[in-house]
Amino acid sequence: MKITLLTYGSRGDVQPFLALAVALQAAGHAPVLAAPLRFRAFVEAHQVSFLPLPGDPEQISARFNDAGGHPLRTVRAISEYVLQIAPEVAAASYAACQGSDLIIHGFLFTSGGHAAARQLGVPDISIQTFPMFAPTRAFPNVSAAGIPPGWLSYGSHWLFDRVFRYGGNAGYRRLHRAHPDMPFSDRLPWPFAPAGRTPATPLVFAFSRHVIPPPVEWQRESHIHVPGYFHLPSQAYQPPADLAAFLAAGEPPVCITFGSMINRRMEEMLAVILEAVRQVGRRALLLSGWGGVPLSADNVFAIGSVPHDWLLPRCCLVIHHGGAGTTAAALRSGTPSMVIPLAGDQPFWARRVDALGVGPRSIRARDLSVEAMRAALQAIGSTEHAARAAALARLLQAEDGVGAGVRLVEAQRLAWERAGTPQP
């Protein structure tokens, strides 16, 4: 079965789709992953077919962080850039779907990927790395992490879904008027709306039920699935000599990573964190990512990128921004972690990590200080944090999220065939 996977964004948005593509290929299918051009080498290193999409996800990251935690500013900032590149991305993604037997799409392709599937007359699956498009009273939408459980939380999901759905359609209609040759009609269908005898589009959350237990509203919906995190198979890694020497020269370091987040205050934030690390007599290992800042200190080792599954278990604490992918890697490593959220869904994940009790409590970026950071670092030796982190890691490592994902893909294709394939 030829399967097209559509995703866009940072490595945290691409890697779960690559993990699923690798598993699908091992199961005898022919996956093609369409993602931003900058990920070509990463995808092809895993022997998965790759189709590049236009645009630069760094631009989205910069706008995302400049908007801070304000949901309307975030939507507006990202939409401005997305609408600029939408005609090219739509054409490239639609071309990637030609000849496919099934289409899998991520967050920014929730409507567009579904529209491509309906036009081509093939089944589709929506995969999300954070809880979206499934209203619940148990917790709020990720864009409004501070809202308490209850009817306000349910309302936050309802509101975001409609802003995403109707706002996206309005923007697409404007683009269609300017570019009438765009591949889709001037209205994008919503994947989770009733569609007659056509099997419902599965909504698959690529995270663990041990991190977000499925609320009762999800348990009532047969199209919602929580199979577990999608992780790439571990590969042999030989660290550079200087990294190996640093790790061997003392106690496990504090790992600091803000992934692909680009933030105006990054240099200031790192200076605060590293000063606190110095004051408590610890060492730090800095993963610079896209937003890397050239800092140097005797107790700090900076490097661009190291596989998380190899590095994080060798650290005493992981300090990160709370991106979905980094949060998953930190929790699965068994190393205590804490979050300094910057924007978007990161405050939501910070609250989940706090609730799990697997490390010092999160600190909002605007509240970050040497004193607050030093107090957090002094909790590194907490046996309670370490025990909870290790216990959760054992549960996550026992899950087979991608295996469950492959079974869901095959079941959806079978359900589609039994229902009779609609004509495009």
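This report concerns the structure included in the present document. Here the structure is a predicted model, which means the values were calculated and not measured. (Residues numbered from 1 in each chain as written. Predicted model: local features only at pLDDT ≥ 70, side-chain atom pairs only at ≥ 80, totals over all residues. Heavy atoms only, no water.)

## A few points about the overall build of the protein chain
- A tally of helices and strands in the protein chain yields 15 helices and 12 strands.
- Within the protein chain, the proportion of its 424 residues that are buried is 54%.
- In the protein chain, 64% of the contacts between residues at least 6 apart in sequence involve partners at least 24 apart. (Helix = DSSP H or I, 4+ residues; strand = E, 2+ residues; numbered from the N terminus. Buried < 20%, exposed > 50% of the residue type's maximum accessible area, 1.4 Å probe, protein only. Contact = heavy atoms within 4.5 Å.)

## Regarding helix α11 (residues 324–333)
- Most of α11 is tucked away, with 8 of its 10 residues classed as buried.
- Buried-residue contacts for α11 involve β8 (254–257), α10 (308–311), β11 (317–320), β12 (337–339), α12 (346–356) and α14 (383–398).

## Topic: unusual backbone geometry
- For Q47, which is not a glycine, the phi torsion comes out positive at approximately 60 degrees.
- Mapped onto the elements of the fold, Q47 is located in the loop between α2 (40–44) and β3 (49–53).
- Assessed through its relative accessible area of 58%, Q47 is described here as exposed.

## Description of the pattern of salt bridges
- Counting across every chain of the model gives 9 salt bridges.
- Residues R282 and E251 are paired through a salt bridge, measuring 3.6 Å at the closest nitrogen-oxygen approach. Taken together, the residues span a long stretch of sequence, with R282 in the loop between α9 (266–279) and β9 (284–287) and E251 in the loop between α8 (241–248) and β8 at a distance of 31 residues.
- Here D354 makes a salt bridge to R361, at a shortest N to O gap of 3.6 Å.
- Its relative accessible area of 15% is what places D354 among the buried residues.
- We classify R361 as exposed; its relative accessible area is 59%. (Salt bridge = Lys/Arg side-chain N within 4 Å of Asp/Glu carboxyl O.)

## Remarks on the sheet that holds strand β4 (residues 102–105)
- As summarised here, the arrangement of the 7 strands in space is β3-β2-β1-β4-β5-β6-β7, forming an open sheet in which the pairing is parallel. Both outer strands of the open sheet, β3 and β7 (224–225), are each paired with one neighbouring strand and no more.
- Two strands pair when backbone bridges link them, and strand β5 (residues 124–128) and strand β6 (residues 203–205) are joined in this way by 3 bridges, in the parallel orientation. When the sheet's bridge partners are listed, S126 is paired in β6 with L203.
- With respect to the sheet, helix α1 (residues 11–26) is in contact with β1 (2–6), β2 (30–36), β4 and β5, its orientation differing from that of β2 by roughly 165 degrees. (Pairing = 2+ DSSP bridges. Axes fitted to C-alpha atoms, helices over the stretch in contact; angles between N-to-C directions.)

## Looking at α8
- Every buried residue of α8 is accounted for by L243, F246 and L247. In a view along the axis of α8, the buried residues occupy a sector of 95 degrees, so they form one face of it. Turned more than 90 degrees away from the buried face of α8, the exposed residues are A241 and A248.
- In this fold, the buried residues of α8 make contact with β9, β10 (300–303) and α10. (Arc of directions from axis to C-beta.)

## A closer look at the packing of α9 against helix α13 (residues 370–377)
- Orientation of α9 relative to α13, taken along the N-to-C sense of each, is 50 degrees, at an axis distance of 8 Å. For the element pair α9 / α13, the angle class is oblique. For α9 against α13, the interelement crossing comes out right-handed. Facing α9, whose interface residues are V272, I273, E275, A276, V277 and Q279, α13 presents V370, M373, R374 and L377.
- When the residues that make up the contact of α9 with α13 are grouped by side-chain class, the tally is 7 nonpolar, 1 polar and 2 charged. (Parallel < 35°, antiparallel > 145°, perpendicular 65-115°, else oblique. Left-handed = near helix turned anticlockwise from the far one by under 90°. Nonpolar A, V, L, I, M, F, W, Y, C, P; charged D, E, K, R; others polar.)

Worth remembering: the numbers are spatial, not functional.
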